[in-house]
Structures are given as structure tokens and as C-alpha cells.
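Survey of secondary and tertiary structure
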Amino acid sequence: MDKAKNKKRNLILLSILGLVLFFGTWELLVHVGVISERNLCAPSTAVQTFLYKLTNTKPDGATLFAHFFSSIKLSLAGFVLAVVIGIPLGLFMGYYKGMDSFFTPLFEVVRPIPPIAWIPIVILTLGIGFKAKVFIIFISAFVPCVVNSYLGIKLTDPTLIDVAQTFGASRWQIFRTICIPSSMNMVFTGVRVSLAASWSTLVAAEMLASTKGLGYMIQIGRNLIRPDIIIVGMLTIGLVGALMGWVLSLFEKKVAPWRYK
Amino acid sequence: MAVLKDTIIIKDLAKTFYLKSETKEVLKDINITVKENEFLVLLGPGQCGKTVLLNILAGLDAPTGGEITFVNGRPPMGDLGVVFQRYALFPWKTVMGNVEINQKFKGKSKAERQAAAQKYIELVGLQGFENSLPKQLSGGMQQRVGIARAYASESDIMLLDEPFGALDAQTRYSMEDEILRIWEKDRRTVIFVTNNVEEAIYLGDRIILLGGHPTGVKKEYVPDLPRPRNYTDPAFLKLRNEIVANTDLVL
């Protein structure tokens, strides 16, 4: 018991050590002058800028929270749309052969196109506003939702389907009560990948003329040669991404608790 | 002993699989008459097609020859109790959720199906575990859930496909007693598939020995031993040797 506790504590210490070592080395390199402060700010400067940006709109025109809010609105809009359309589509494609034949060739052609390659055509068709950005994010989040939901259905244990069949379940009952719950593992993997994709495509989407957003803030930081602004933008993206992943895993434990008990 | 009525008549049943490069005859000339409420054991070596035969009986697969007559009319899908080798429980459902599912498919009300499920959970001795997930139970307990779930179909015919094959030896012995206890308490026609000779003799009213290529009925044995049977009873051992001598070896 004590041994297990010690082991757990050591592992936590290692996690902390990793972070401390990384940021400590970085801080030191800047202070010693190996890295010029004009190119890369020290973590301590980034923290100062972070605190400053919480209440100040200079030099990029909005507070950090305003940027964050604008970005999260965009990425959640694209993400939610992808989940709402992508998961049912993937599930149905996995279960109904007709749907599979109809959609799969189309999907296979669209799938390899990277989200960023959509930008030019999206500008021409949807412009540069909210809709255009949401669409780019949607594309990036949509693909993993479909693929994983599809696989989740395909990987249903055939014996469980046999059980349901001998119990006289209809095709729809089998889909609803057997295939969907058993696909939940894969579906959530897809959602997790989608969430990460939607958040990381954000910067690309915000390169389409913006006046707000974390991606925009990073761009301004580059134009003004303010590495601290860039780093604050990047770290905020990183932290929020990690936080969203954590919230999602809490949600998963609620929806699919049988995996964890 | 009263004369038992026939309940399933299997006549000249055959099953051939047509694969790309070959045709594989698995079952041929299977003739078995199953009596009402008897405990019938289908005994055969591994890979001999026992499961194929059971799947055909369960309606999961179609024979390529012969016919099966259910004397009281073919029970529709849903009125069959099948117990699978690897439990095949729904991991996301509790014990209650697993046991009630047959009646749920049939559209029974929640109160009705849960009352029935409760009865069968108690029949297999799992009261107190209604809200456990399969993962939280031992192998023996999981298979009890499998048995309760099959019984909850309220079918007259129970098909058990090597139900104890995945259990360790100790649990297996106690589950053999368990299944007899359940069957004596709630009489139904049981067709029990196994590859284990002792298990067959311990359980069966009749034992149908399957074998040959393609698989057919080799012989029928009726153990004339009172229950509970004793594994070390000389008559038990004599029958065991007789059956073993007659069984095809699979290496």
C-alpha cells in the first residue's frame, strides 16, 4: 500500500520536474543571453504579459479574455457542428450498407484534403467572416468524428449481435441498443481528436482577416515583434486545449461509465 | 418414468460452407430427436461443428440440407434462450439490464420485465448484484448472468454452447451443479454443447456423441446413473472410458 502510494507520488513529482526543467532551462537561456530577448521572451516575461493582458487591450486591440472568447466561440461552433453531423453520419454509414456505399467514396476523396487547403475556396464562396472560419474548423473536426464512429460500429462484437438476434431484436433495436453503446469508445476517441483538431485549426482560420482571437493576437505579436504576446497566445491555446480535453474525459465518464468502473 | 414427448426433430441435417476455393462439408446426416424437458448433451471434439449445429437450431444460420421440426411450432426469434461460451454480456449494462433485455426487445413494460428479470436473477443466485456491471463479476458469476438472461426469454428451449468452457476447473464443477439445480427448479428442454466427457456424463439425461468427417451422430448414450452423479463412481468411469474410446482425437 505504502509502496503504491510512494510510486504514485514519485510519478507526480516527475511530471512537475518535467515542467520545471523545461521552463527553468528556457528562463535561464534567455537570462544568460544565449537566446536574445528580441527573438524569444523569458517565461517570467510571458507571465507578466499574461497578467497585463488580462485587463489591458494594448497593443493588439483586445483583452486576452476577449481574444479567448472570440476564439472559443469559433472553434466550438465548428466542433459542435462536426460532432452533430459527423457522429450520426459515421454511425449510419457503419451500420447501413447502402449509406456506406453512397457516402464512402465521396468521403474518401474529401478526407485527405487538409483543412488549410480549403481556405482559398472558402474565401471565394463564404467570404472571410464567421461562417467561413467555422467552416474551416468544421472540416478539420468532421473527418475524425465520421471515421471513428464508423469504425466503432464496424468493431461491434458479432456475438453480441447474435445474442440480440436470438432474442428477436429488430435491426433498429440492434443498432440502437447494441451497436451504438458498444461504439462509444471509438466515438469518444473521435470526439477527442476532433476537439484537438478544431482548436488547432483555429489559428489557420483566424488568419482569414480577423480583428480578434488568439490566432489574431499571435499574428499581431509577430508584426510588432513582441515575442511575449506570441508566447502568451500560444500558451493560452495550449492550456485551453488541455482543459477542454479534461472536461471531455469527465463527460465521457458520465456518458460511458462502464469503461471506468 | 413418464414417456417424454418429442419437442425437436432434426432430420438428415447437413451444412456445407461454400468458400472461394473449396467447399467444406461440416455437418452431414444429423438425426436427433430432442425430448421435452430433457437435459440433452451434444458432445464432440473441438472444431467439429457443434457450434454450427447450435447456431442452426438458434436460427442464426441456415442448414444446407435436411430439416428441423419444432413439434410445438418453431419458436419465433426472441423465444429462444441461448447461453454463449464467452458469456457475451453487454458490458455497458448492469446485471439487471442484461437479464431484462429480451423482454425489453419484446416491448414489455419496465415493471413487468424487471419483475421477471428479478425472478431469474434470484434463480441463479445473484440477488444483491442487480446493479453490478459484468466487469465487476467473476467468470462464474458472469455466466450465471448469461444463464439468467437466457432463462428470462421464458423459452421452452434453452441452448447452451460450451457455457463453462472459459471457466477454471473449480468454478466449472460448481457451475455444473448450479445448472442442474436451476434446471430441476425450472424445467425446460436443455441442449447443452460441450467437448468435455466428464461434464457430459455428469449432466446429461442423454448424450449424443458427434464425430467423423463431416460430423455426424456417432452414438447415443443414456447414463443410467442417479443424480447427483459421482465422478469416481465405477459406472461413471466405465461410461467415460467407453465414450473416450469412441471419440475422435483432435490434435
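Residues numbered from 1 in each chain as written. Chains lettered and ligands numbered in written order. Predicted model: local features only at pLDDT ≥ 70, side-chain atom pairs only at ≥ 80, totals over all residues.

**Topic: the overall build of chain A**
Counting its regular elements, chain A contains ten helices and zero strands. Secondary structure elements of chain A, listed N to C terminal, follow the sequence α-α-α-α-α-α-α-α-α-α. Taken over the C-alpha trace, chain A has a radius of gyration of 23 Å; the compact-globule value for 261 residues is 18 Å, which it surpasses by more than 25%. Principal-axis analysis of the C-alpha atoms places the extent of chain A at approximately 75 × 65 × 30 Å. Classification of the 261 residues of chain A by burial places 37% in the buried group. Counting contacts in chain A only where the partners sit at least 6 residues apart, residues at least 24 apart contribute 72% of the total. (Helix = DSSP H or I, 4+ residues; strand = E, 2+ residues; numbered from the N terminus. Rg over C-alpha atoms; globule rule 2.2 N^0.38 Å. Buried ≥ 20, exposed ≤ 12 C-beta atoms within 10 Å, placed from the backbone. Contact = placed C-beta atoms within 7 Å.)

**Considerations on the overall build of chain B**
A count of helices and strands for chain B gives eight helices and nine strands. Across its three principal directions, the C-alpha atoms of chain B cover 50 × 45 × 40 Å. Classification of the 251 residues of chain B by burial places 41% in the buried group. Put simply, 72% of the contacts in chain B that link residues at least 6 apart link residues at least 24 apart.

**Concerning the UniProt feature "transmembrane region" (unreviewed entry) in chain A**
Residues and elements named next belong to chain A. Mapped onto this numbering, the UniProt entry gives "transmembrane region" (unreviewed entry) at residues 12-35, 74-96, 117-143 and 229-251. As annotated, residues 12-35 comprises 88% helix and 0% strand, and the C-alpha atoms at either end are separated by 30 Å. Helix and strand shares over residues 74-96 are 96% and 0% respectively, and the end C-alpha atoms of the span are 33 Å apart. (UniProt positions renumbered as here; feature names shortened; annotations may be inferred.)

**A look at the interface of chain B and chain A**
With 22 residues of chain B at the interface, the matching set in chain A holds 13 residues. Looking at side-chain class alone, the side of chain B that touches chain A contains 14 nonpolar, five polar and three charged residues. (Nonpolar A, V, L, I, M, F, W, Y, C, P; charged D, E, K, R; others polar.)

**Concerning the sheet that holds strand S3 (residues 39-43) of chain B**
Residue and element names in this part refer to chain B. The mixed open sheet is built from six strands, whose spatial order is S5-S6-S7-S3-S8-S9. Edge positions in the sheet fall to strand S5 (81-83) and strand S9 (216-221), since each has one partner strand and no second. Recorded for the sheet is a direction-independent mean angle of 20° between the axes of neighbouring strands. Sheet analysis places S3 next to strand S8 (residues 206-211), joined by four bridges and oriented parallel. Across the sheet, the residue bridging to Leu-43 is Leu-209, located in S8. (Pairing = 2+ DSSP bridges. Axes fitted to C-alpha atoms, helices over the stretch in contact; angles between N-to-C directions.)

**Brief notes about unusual backbone geometry**
Residue and element names in this part refer to chain B. Note that the residue after His-213, namely Pro-214, is joined by a cis bond; omega there is -10°. Assignment of secondary structure puts Pro-214 in the loop between S8 and S9. Despite not being glycine, Asn-37 shows a phi value in the positive range, around 60°. Its place among the elements puts Asn-37 in the loop between strand S2 (23-35) and S3. Residue Asn-37 is classed as partly exposed on the basis of its 15 C-beta neighbours within 10 Å. At Glu-162, a position not held by glycine, the phi torsion is positive, near 40°. With respect to the secondary-structure elements, Glu-162 resides in the loop between strand S6 (157-161) and helix H6 (169-185). By the C-beta count within 10 Å, which is 21 here, Glu-162 ends up buried.

**Observations regarding the nonpolar core**
Core analysis: the largest hydrophobic core is formed by 125 residues, its most contacted members being Ala148(B), Leu159(B) and Ile208(B). At 14 residues, helix H8 (residues 171-206) of chain A tops the list of elements feeding residues into this core. Setting aside residues no more than four positions away along its own chain, Ala148(B) makes contact with Val99(B), Tyr120(B), Ile121(B), Leu123(B), Val124(B) and Leu126(B). (Core = buried A, V, L, I, M, F, W, Y, C linked by C-beta atoms within 7 Å.)

**Notes on the sheet that holds strand S1 (residues 6-18) of chain B**
Residues and elements named next belong to chain B. One open sheet accounts for three strands, arranged S2-S1-S4; its pairing is antiparallel. Taken across any chain shown, the strands that pair with only one partner, and hence form the sheet edges, are S2 and strand S4 (65-70). Between one strand and the next, the sheet's axes are offset by a mean angle of 15°, whatever the strand orientation. As paired elements, S1 and S4 share five bridges and run antiparallel to each other. By the bridge assignment for S4, Ile-9 is matched with Thr-69. Along the sheet, helix H1 (residues 50-58) contacts S1, S2 and S4; its crossing angle with S2, the most-contacted strand, is approximately 60°.

**Focus: the environment of Gly97(B)**
Residues and elements named next belong to chain B. Summarising the element assignment, Gly-97 is placed in helix H2 (residues 95-99). Given 20 C-beta atoms within 10 Å, Gly-97 falls into the buried group. Distance from Gly-97 to Asn-131, taken between C-alpha atoms, is 8.3 Å for residues 34 residues apart in sequence.

**Comments concerning the pairing of S6(B)**
Consecutive residues of a regular strand have side chains that alternate between opposite faces of the sheet. Residues and elements named next belong to chain B. Along S6, five of the five residues are buried, which leaves the element largely enclosed by surrounding structure. Burial along S6 is two-sided: the residues Ile-157, Leu-159 and Asp-161 and Met-158 and Leu-160 are all buried. Bridge count for S5 against S6 is three bridges, and the pairing is parallel. Looking at the pairing, Val-83 lines up with Leu-160 of S6.

**Considerations on the domain arrangement of chain A**
Segmentation of chain A into domains returns domain 1 (1-35) and domain 2 (41-259). Here the C-alpha centroids of domain 1 of chain A and domain 2 of chain A sit 30 Å apart. (Domains from an automatic or database assignment.)

**Some remarks on the packing of helix H3 (residues 64-95) of chain A against H8(A)**
Residues and elements named next belong to chain A. It is the contact of H3 with H8, at a shortest axis distance of 8 Å, that shows an interaxial angle of 145°. Relative to H8, the crossing made by H3 is right-handed. Contact residues: Ser-71, Leu-74, Ser-75, Gly-78, Phe-79, Ala-82, Val-83, Ile-87, Leu-91 and Tyr-95 in H3; Phe-175, Cys-179, Ile-180, Ser-183, Val-187, Val-191, Ser-194, Leu-195, Ser-198, Trp-199, Leu-202 and Ala-205 in H8. Within the contact of H3 with H8, the residues separate by chemical class into 16 nonpolar, six polar and no charged. (Left-handed = near helix turned anticlockwise from the far one by under 90°.)

**Topic: the environment of Glu108(A)**
All names here are of chain A. Structurally, Glu-108 is set in helix H4 (residues 97-110). The class of Glu-108 is exposed, set by 9 C-beta atoms lying within 10 Å. Remark: the alpha-carbon pair of Glu-108 and Leu-21, spanning 87 residues in sequence, is separated by 44 Å.

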